[in-house]
Structure formats: structure tokens, C-alpha cells
Amino acid sequence: MDRRAKVELFEQIRREYEHGGGTIRGIARKLGVHRRMVREAVLSAIPVERKTPVRERPKLEPAMAFVDTVLEADKQAPRKQRHTAHRIWCRIRAEMPEVKVAESTIRGYVRERKIKLALIHRETFIPQSYVWGGEAQVDWYEAYADICGEREKAHIFCMRSMASGGAFHCAFPHASQQAFLEAHELAFAYFSGVFKTLRYDNLKSAVKKILRGHQREETTRFIAFRSHWGFQSEFCTPGEGHEKGGVEGEGGYFRRNHMVPVPKVASWEALNIFLLKASRNDEQRLIGDRTQTVGAGMNLEREHLRTLPEEGFDLAAVHFPHVNASGCVKVLTNFYSVPLPVGIEVQAKVHSSYVEIWHQGECVARHERCFNRQQKVLNLEHYLEALTKKPGAFAGSTPLEQWRAQGRWPASFDRFWEMLKQRRGQQPGTRAMIEVLLLGRQYGYPPLEEAIEKALDLSCFDVEAVRLLLDAERDGKREPHEAVEVGALRVYDRPQPTTRNYDQLLGSYSVSEVLQ
């Protein structure tokens, strides 16, 4: 009999006893219960809790002392090197083969003993309230996306407003410091303002060293970025992710609801457009027991946010390397080619997805950023002048190999190069091919590819022929000029000159005479 039915039975017994005038024996006979229960009901309206009998554990008892000894020793062991229930069961099987006990039995007893020995802690979490524009939480999380048909890991930046519940998500190939700062600016633009306080975990993009308590030695660029945008930063206790539980839960919710199934996009830009649209759609949802939607809360919160500054922050990390003997500069841990002489000092600006090389106020090279170590990122165009003096190094050069791998060296180039070598010889033909590639700087490489294909069709294997085709293509694309009205210029018309007036000189000479 469940407790509710027993309470109702006690109520009926008490009513019969008080108002029915019956005896204990009569009530017991009428209701079909024992006299002992009638007496209990007369004494109290609440049934006495039934004692649970202590069951014997014939299978577990031989192993209980061993388990207790292991758990007591675990108090002095490192936290990540303590016994699990499965490990204890394995030891019992190996060290006490005569004890036949199931793993589930050991698991239940181990949990019971760990709670009594305070090896398992259950924390109490305090609900928090937030003011408009007071705090936002920031974190990275990982998800996968199919980009151009390949499964790629995306590092997704998330900033969540704790008052309104609105969140901004943005994906990057790597969670670098430049991506971290760039995502902040995009998030501020999304919320149309800056929050008073941003809460982080101890990520390396912001924290250089963890000091005592909540003190942190922050990175120089993060301090400058925080000063520019005018917000305060707070950092969680290491290993206590629940201190920013809002953004932790937001990342899981967004991944489950918008990244399942795995999104298929054409580029990283398309993925971020997809994430922005999903963030906008989430503005229509209600969170928990709130009475207004996320979007309505964001509209109210905009009035309490700090106004965005007129100028943005220079996100690029600046370095000053020198050009080495390979025509490269070392930026962080990788090498990037530049079209400059050896030994010159240049300025390298590192962005989230690309690297720019500047010299004398001009951007001389731009490369896609490489996140591996000790890699060389080379552009064949930067070596063309040097290759004109060393044509023998062209065929096996690493820049040419990288162009082939990137799809920037079409098959038509190889056919044209081969015909040049057959007509002019190995080195002169290679030098002529380099001169053809130099035309790409002036005319562009897509028009150069078209001109080479036309030259192959016409069997014209000459540098000047390619130049002529490029000029013809460029001249043919000139826009037609507007017609000019010349009627007012008729007043300047003059008759065409004629030589008829000189015919009279022919009559002074006879036909037989010959002029010397």
C-alpha cells in the first residue's frame, strides 16, 4: 500500500472511531484491517514510517574491507589518480579470485562509501541576477562543418549577454589572438554597444600568467584592446567553468540546435553568414521562465550599453623581421616570401587569417596565414627577377611546386614552356617563359592564361606574341565613347587640296624632251 492510500485509510478509521461510535474490534472487522493499525490511526493521523530491513550482503561482505582500505588510501592520492569503481572491481578479481561479486554491486557500494568519506562533493549553486548591459560572458567552443566538401574543425567564438540572453557566434579556422580580438569587434557591432564587464576563463589570448587569487598578468595587446573599447575584464577560477555557466550552456545549446546536422557551406565566410542567421533566429525564443523574448531584451539593453567608438582598434600584431637569403621573412614560426633584396628590414602585420608585409609605406606581399610550424609560404611571382638570372633553378623550385599544388599553374603553361624550350633551347626557353610570367604583373594572371591558350591555338611561341594578344584583349574591352555633336564646327570646314593647278606647267615642254 502506498503512503497516500494509507493516509486516506487512517482518515477513514479516525472518522469511524470518532463519529461512528464503533469499537476498535468493530472498525477492524468492518474495514478489514488489523486492530494494531486501528490503534495507530487513533493515536496519530500520520502513519509511522515503516522500517526498512537491513539486507544481508553475502557476496559483497568479503570484499567490503578491501574496498574501504582502497578508498581510505585514495584520500592521499592525486585527484586524477584515484580508484574508480571499475578499477577496484578489476583488482578484486585479480587479488581476491575467491570473491565472486558483480561489478554493479561494487559500483553501488563504492559510491555509497565515497559520499561518506567526502570523496564526492556536491556543490550548491547560487542563482544570479544581472542588470541591463552589466555583464557578458565570452568563450570558445568547437564544432565541425563541411567546407568545400571537406570536414573542417571550426573554433567558434561566443559572447552571451547575461541580462537579455542574446548571443553572438562567429567561426574561425584557429582560435588565435587576432581572431579573438576581431570576434570581439564583430560581437560589439552585433549588440550595438559594449558591455560594462566581460567574463572569461583563463585563455592565453588574454592571460599571460595566473597569479594569486583573481589576479592575472594579462597580455599587452589585450590590455590595449580593453582600454580602447572601455570595458572591464574578470576571469574565472581555474577549473571552475560553472562561474561562466551562461556561455557554457549557450555553446552546447547552439551546437545541438543549429550545427546538427553538420552544416555544408562553400567557405568560411558562408559559415559565418549561416551562424549570424542562426543567432538572429534565436532572438525569437524564450529562455526559462522569462516573460519576454531574447530579441525584446536586446532592444531594451541597447540603451544601457556603452557607445561604440568612432574608430576601431588595430587588430594586427606587428613584427619587424629581415629578409633572409631565401627571399623570406620569418613571422612567428613560419617563413613568408617577399619581392625585396636580402637584408632589408620590413614590417609584418599578422591578422587572423592572413599576413601582410609592408615596406616604405607600401604593402609588398600578402599571404594566407599558416598555423603550422617551420613552414615556408612562397609566391612564385616574388622570385621571377631572381630566376631570370638563374633559369636553371626554375623547374625544381619550391615556389613553382606550391603554385602547382594551389592550382595556380595550369597545364597550358607547361605546354607553352615546353614549346619554348624546343624552339630556343633549355635555358633560353626557360628565361622566355619567365618573361611571359612577368607579363602577369601588368595584365593579370587570368588574362595571361587566356592569351597563352590563344597563342597555343595559333602556334605562336613568342613572348611578344603573347604581349600582343594581351594588348589586343585589353584594347578590345575599352568602353565606347559617347558621340559628340560636331554641327557647330562646320564653320571651320575647308575644301580638300587639289593638284589640277599644276597641270598647266606640263604644256611648256614638248613630249620628246626629257627632264634631267
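Shown above is the structure to which this text applies.
Criteria and thresholds
- In this numbering scheme, every chain counts its residues from 1 along its sequence in written order.
- Where totals are concerned, whole chains, interfaces and linings use all residues; where local detail is concerned, this predicted model gives features only for residues with pLDDT of at least 70, and gives and counts side-chain atom pairs only at 80 or more.
- No hydrogens and no water enter the side-chain calculation; it runs on all heavy atoms of the structure.
- Working definition: with a 1.4 Å probe on protein chains only, accessible area under 20% of the residue-type maximum means buried, over 50% means exposed, and in between means partly exposed.
- Numbering of helices and strands starts at the N terminus; helices are DSSP runs of H or I of at least 4 residues and strands are runs of E of at least 2.
- Think of it as the arc spanned by the lines of direction from the helix axis to the C-beta atoms.
- Contacts are assigned to residue pairs with any non-hydrogen atoms lying within 4.5 Å of each other.
- Residues form patches when they are more than 30% accessible in relative terms and have no salt bridge. Like charges link within 9 Å. Nonpolar side chains (Val, Leu, Ile, Met, Phe, Trp, Tyr) link within 5 Å.
- Using a 1.4 Å probe, accessible areas were evaluated by the Shrake-Rupley method; residue-level cover was limited to the displayed protein chains.
- Put simply, a salt bridge is a Lys or Arg side-chain nitrogen that is within 4 Å of an Asp or Glu carboxyl oxygen.
- By the counting scheme adopted, Arg and Lys are positive, Glu and Asp are negative, and His together with the chain ends is not counted.
- To locate a charge, take NZ of a lysine, CZ of an arginine, CG of an aspartate or CD of a glutamate.
- Under this scheme, a helix contributes an axis fitted over its contacting stretch, all axes are lines through C-alpha atoms, and angles between N-to-C directions fall in the 0 to 180 degree range.
- For classification purposes, angles smaller than 35 degrees are called roughly parallel, those larger than 145 roughly antiparallel, those between 65 and 115 roughly perpendicular, and all remaining angles oblique.
- We call Asp, Glu, Lys and Arg charged. Ala, Val, Leu, Ile, Met, Phe, Trp, Tyr, Cys and Pro are nonpolar, and the rest, Gly among them, are polar.
- Two strands form a pair only when DSSP identifies at least two bridges running between them.

1. Points about helix H11 (residues 294-301)
Within the span of H11, buried status applies to Val-294, Gly-295, Gly-297, Met-298 and Glu-301. End-on, the buried residues of H11 take up no more than an arc of 160 degrees, which puts them together on one face. Next to the buried residues of H11 lie strand E2 (150-161), helix H7 (177-191) and helix H10 (268-282).

2. Details of a negative patch on the surface
Taken together, the side chains of Glu-449, Glu-450, Glu-453 and Asp-457 define an acidic patch exposed on the protein surface. Looking at the secondary structure, you find Asp-457 in helix H16 (residues 445-458). The exposure class of Asp-457 is exposed, given its relative accessible area of 66%.

3. Regarding helix H8 (residues 220-229)
For H8, the full list of buried residues reads Phe-222, Phe-225, Arg-226 and Trp-229. One side of H8 carries all its buried residues, which in axial view fall inside an arc of 100 degrees. Exposed side of H8, more than 90 degrees from the buried face: Thr-220 and Ser-227 are the residues found there. Elements in contact with the buried residues of H8: H7, strand E4 (197-200), strand E6 (216-218) and strand E7 (232-235). Gly-230 lies just past H8 and shows a positive phi near 75 degrees.

4. A short note on the packing of H7 against H8
Orientation of H7 relative to H8, taken along the N-to-C sense of each, is 10 degrees, at an axis distance of 11 Å. In terms of axis orientation, H7 runs roughly parallel to H8. In this structure, H7 contributes Gln-177, Phe-180, Leu-181, His-184, Glu-185 and Phe-188 to the contact, and H8 contributes Arg-221, Phe-222, Phe-225 and Trp-229. When grouped by side-chain class, the residues that make up the contact of H7 with H8 number six nonpolar, two polar and two charged.

5. Points about the pairing of strand E14 (residues 362-368)
As judged from the six bridges shared by strand E13 (residues 354-359) and E14, these two strands associate in the antiparallel manner. Paired with His-359 across the strands is Glu-362, a residue of E14. Hairpin connection from E13 to E14: two residues lie between these consecutive antiparallel strands, with Gln-360 at a positive phi of about 55 degrees.

6. What about the sheet that holds E14?
With antiparallel pairing, four strands are arranged side by side in an open sheet as E9-E12-E13-E14. Edge positions in the sheet fall to strand E9 (317-319) and E14, since each has one partner strand and no second. Averaged over all pairs of adjacent strands, the angle between their axes in this sheet comes to 20 degrees, without regard to strand direction. Bridging between strand E12 (residues 347-350) and E13 involves four bridges; their strand directions are antiparallel. Each residue of the ladder has a partner; that of Val-350, found in E13, is Val-355.

7. Section: the sheet that holds strand E10 (residues 328-331)
Spatially, the three strands line up as an open sheet ordered E10-E11-E15, and their pairing is mixed. What marks the edges here is a single partner per strand, and that holds for E10 and strand E15 (376-377). With four bridges connecting them, E10 and strand E11 (residues 334-337) associate as antiparallel partners. Its bridge partner lying in E11, Val-329 is registered against Tyr-336.

8. Points about a positive patch on the surface
There is a patch of like positive charges on the surface, built from Arg-25, Arg-29, Arg-35 and Arg-39. Of all the secondary structure elements, the ones that give two or more residues to the positive patch are helix H2 (24-31) and helix H3 (35-43). Tracing the sequence through the fold places Arg-35 in helix H3.

9. Description of the environment of Phe-313
Along the polypeptide, Phe-313 turns up in the loop between H11 and E9. Looking at Phe-313, the relative accessible area reads 17%, which means it is buried. Along the primary structure Phe-313 and Glu-185 are separated by 128 residues, whereas in three dimensions their C-alpha atoms are 8.5 Å apart. Discounting chain neighbours no more than four positions away, the residues touching Phe-313 are Glu-185, Arg-221, Ala-224, Phe-225, His-228 and Trp-229.

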